[in-house]
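Each chain, letter by letter, is given below.
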Amino acid sequence: MKEISFAVEPEDQDKRIDIYLTEQLETMSRSHIQKLLKNESVFVADRSVRANYKIQAGDRIHLTIPDNQEPPVLPENIPLDILYEDDCLLVVNKPKNMVVHPAAGHYEHTLVNALLYHCGDSLSGINGVLRPGIVHRIDKDTTGALVVCKNDIAHQSLAAQLAVHSITRRYRAIVHGNLTEDEITIEGNIGRHPVDRKKMCVVPDGRGKPAVTHVCVLQRLNGYTYIECRLETGRTHQIRVHMAHIGHPLLGDELYGPKRCPVKGLQGQTLHAMILGFQHPVTGEYLEFTAPLPDYFNKLLIKLA
């Protein structure tokens, strides 16, 4: 049995609780969440609530999720590109086509499987058995720097830094079209797409979660633009959604961009988490790491130039 708690932020005021939990628990379907609500497994202030309950700022939501028959997550001897490691944490450079943690359909060959082999039992347990050590995620086809925590104290510190947006996260991307301005800031709340549950989208104020992306043009290519994106917030698919919203989807992103990739052989979006910086949870020292661009990305830049 797994227990999870959430504290409702002011921007989520008056949302239906089933919608809110669907946004928070991305690996769980809305129907599963509604089943938990129906079975009185979701509590607010020690009182079970129904799916139509409208949450209030400051509410403490507590879920009890029964154990299921998911297969065990096993260690796998998968090589890791480690940018930094100490007794508290490690920073890895995640390759393309690797899922961060196990979920339905992906219980093997994930980053967590590799971490279990490398770290053994030395991973934080705050996010449960499917996500040991995982504080934040990047998509399967996104490459780059990711921090992993070896104990709960480190995890709590990094989670707190994420919550107040003090972690430095700079991404590199190639997008369709030519951006006319050298620097832009994109602001737009992000929430679940009303029709396609696999997608996120920019939603009206009062819905979703606030999201801010700062974009800087690095190079204008032949029909494309090479950019750096600095995240002020860290919402699901934030860069992919924001760039598609302004008419410049990421090259290779078949979910938010053209269904057919114009570059033969490219799999998934051209997005790389290049720079990651944070305060060390024990020493307080600011650390910053750079994950070099993968070979496919460098070759693309040469080809498109």
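Higher on the page you've got the structure.
In this text the structure is predicted, and so the values were computed from the model without any measurement. (Residues numbered from 1 in each chain as written. Predicted model: local features only at pLDDT ≥ 70, side-chain atom pairs only at ≥ 80, totals over all residues. Heavy atoms only, no water.)

So, the overall build of the protein chain
Just so we agree on the cut-off: Working definition: helices are DSSP H or I runs of at least four residues, strands are E runs of at least two. Numbering for both runs from the N terminus. Radius of gyration: over C-alpha atoms. The globule rule applied is 2.2 Å multiplied by the number of residues raised to the 0.38 power. For the exposure calls, accessible area comes from a 1.4 Å probe over protein chains only, and a residue counts as buried if that area is under 20% of its type's maximum, exposed if over 50%, partly exposed in between.
When helices and strands are tallied, the protein chain shows six helices and 15 strands. A compact globule built from 305 residues should have a C-alpha radius of gyration of about 19 Å, and the protein chain, at 20 Å, falls within 12% of that. Expressed as lengths along the three principal axes of its C-alpha atoms, the size of the protein chain is roughly 60 × 45 × 35 Å. Looking at the 305 residues of the protein chain, the share that counts as buried comes to 50%.

Here we look at helix H5 (residues 238–245)
Structurally, the α-helix is built with 3.6 residues per turn, so residues lying three or four positions apart point the same way. With respect to burial, H5 is a largely interior element, six of its eight residues being buried. Within the sequence span of H5, burial applies to Gln238, Ile239, Arg240, Val241, His242 and Met243. Following H5 by one or two positions, Gly247 has its phi on the positive side, about 90°.

Here we look at the pattern of salt bridges
Keep this limit in mind: We define a salt bridge as a side-chain nitrogen of Lys or Arg found within 4 Å of a carboxyl oxygen belonging to Asp or Glu.
Throughout the structure, instances matching the rule amount to 10 salt bridges. With its nearest N and O atoms 3.0 Å apart, the salt bridge here joins Arg16 to Asp18. Assessed through its relative accessible area of 0%, Asp18 is described here as buried. Put simply, Arg30 and Asp18 hold a salt bridge, and the shortest N to O gap is 3.2 Å. Placement of Arg30 in helix H2 (residues 30–38) and of Asp18 in helix H1 (residues 17–24) is noted, with a sequence separation of 12 residues between them. Put simply, Asp12, Lys15 and Glu23 are held in one network by salt bridges that share partners.

Some details on the side chain of His280
Along the polypeptide, His280 turns up in the loop between strand E14 (271–279) and strand E15 (286–290). A residue is classified by how much of its surface remains accessible, and His280, at 7% relative accessible area, is buried.

Re helix H3 (residues 111–119)
What counts, and what does not: By definition, residues are in contact when any of their heavy atoms lie within 4.5 Å.
Most of H3 is tucked away, with seven of its nine residues classed as buried. Among the residues making up H3, those that are buried are Leu111, Val112, Asn113, Ala114, Leu115, Leu116 and Cys119. In this structure, the buried residues of H3 make contact with strand E6 (89–94) and strand E7 (143–149).

A look at the environment of Ala273
Residue placement: Ala273 occurs in strand E14. For Ala273, a relative accessible area of 4% corresponds to the buried category. Here the alpha-carbon distance between Ala273 and Val73, two residues 200 residues apart in the chain, equals 26 Å. In this view, Ala273 contacts Thr142, Thr143, Gly144, Ala145, Arg170, Tyr171 and Ala291; residues no more than four positions away in its chain are not counted.

Notes on the pairing of strand E13 (residues 224–231)
Selection rule: If DSSP finds at least two bridges between two strands, the strands pair.
Of all eight residues in E13, seven are buried; the element is thus mostly enclosed. Note: strand E12 (residues 212–220) against E13, seven bridges, orientation antiparallel. Paired with Gln219 across the strands is Tyr226, a residue of E13. The hairpin formed by E12 and E13 contains three residues between the paired strands, and Gly223 there has a positive phi angle of roughly 90°.

Details of the packing of H1 against H2
In plain terms, the rule: Convention adopted: a line fitted to C-alpha atoms gives each axis, helices being fitted over their contacting stretch, and angles between N-to-C directions are expressed from 0 to 180 degrees. Any angle from 65 to 115 degrees is called roughly perpendicular, while one under 35 is roughly parallel, one over 145 is roughly antiparallel, and all others are oblique. Note on convention: near helix rotated counterclockwise from far helix by under a right angle means a left-handed crossing. Clockwise means right-handed. Gly counts as polar in this scheme, as do all residues outside two lists: the nonpolar Ala, Val, Leu, Ile, Met, Phe, Trp, Tyr, Cys and Pro, and the charged Asp, Glu, Lys and Arg.
Between H1 and H2, whose axes approach to 9 Å, the crossing angle comes to 130°. The angle between H1 and H2 falls in the class oblique. Crossing geometry of H1 relative to H2 is assigned as right-handed. Here Ile17, Asp18, Ile19, Leu21 and Thr22 of H1 lie close against H2, whose contacting residues are Arg30, Ile33, Gln34 and Leu37. A per-class count over the contact of H1 with H2 returns five nonpolar, two polar and two charged.

Structural notes on the nonpolar core
Our working rule: Each nonpolar core is a collection of buried residues, namely Ala, Val, Leu, Ile, Met, Phe, Trp, Tyr and Cys, held together in the definition by side-chain atoms within 4.5 Å.
Among the nonpolar cores identified, the biggest contains 32 residues, and Tyr171, Leu179, Val215, Ile227, Ile239 and Met243 are the most heavily contacted of them. Membership of the second largest hydrophobic core comes to 20 residues, among which are Ile17, Met28, Val42 and Ala51.

So, the side chain of Glu23
Tracing the sequence through the fold places Glu23 in helix H1. The buried category is assigned to Glu23, whose relative accessible area is 15%. Among residues more than four places away in sequence, those in contact with Glu23 are Lys15, Gly191, Arg192 and Gly208.

Here we look at the sheet that holds strand E1 (residues 2–7)
Pairing within the open sheet is antiparallel, and its four strands lie in the order E1-E4-E2-E3. Strands with a single pairing partner mark the edges of an open sheet, and in this sheet they are E1 and strand E3 (47–48). Two elements, E1 and strand E4 (residues 60–65), share six bridges in a ladder whose sense is antiparallel. Pairing of Ile4 across the sheet is with Leu63, part of E4.

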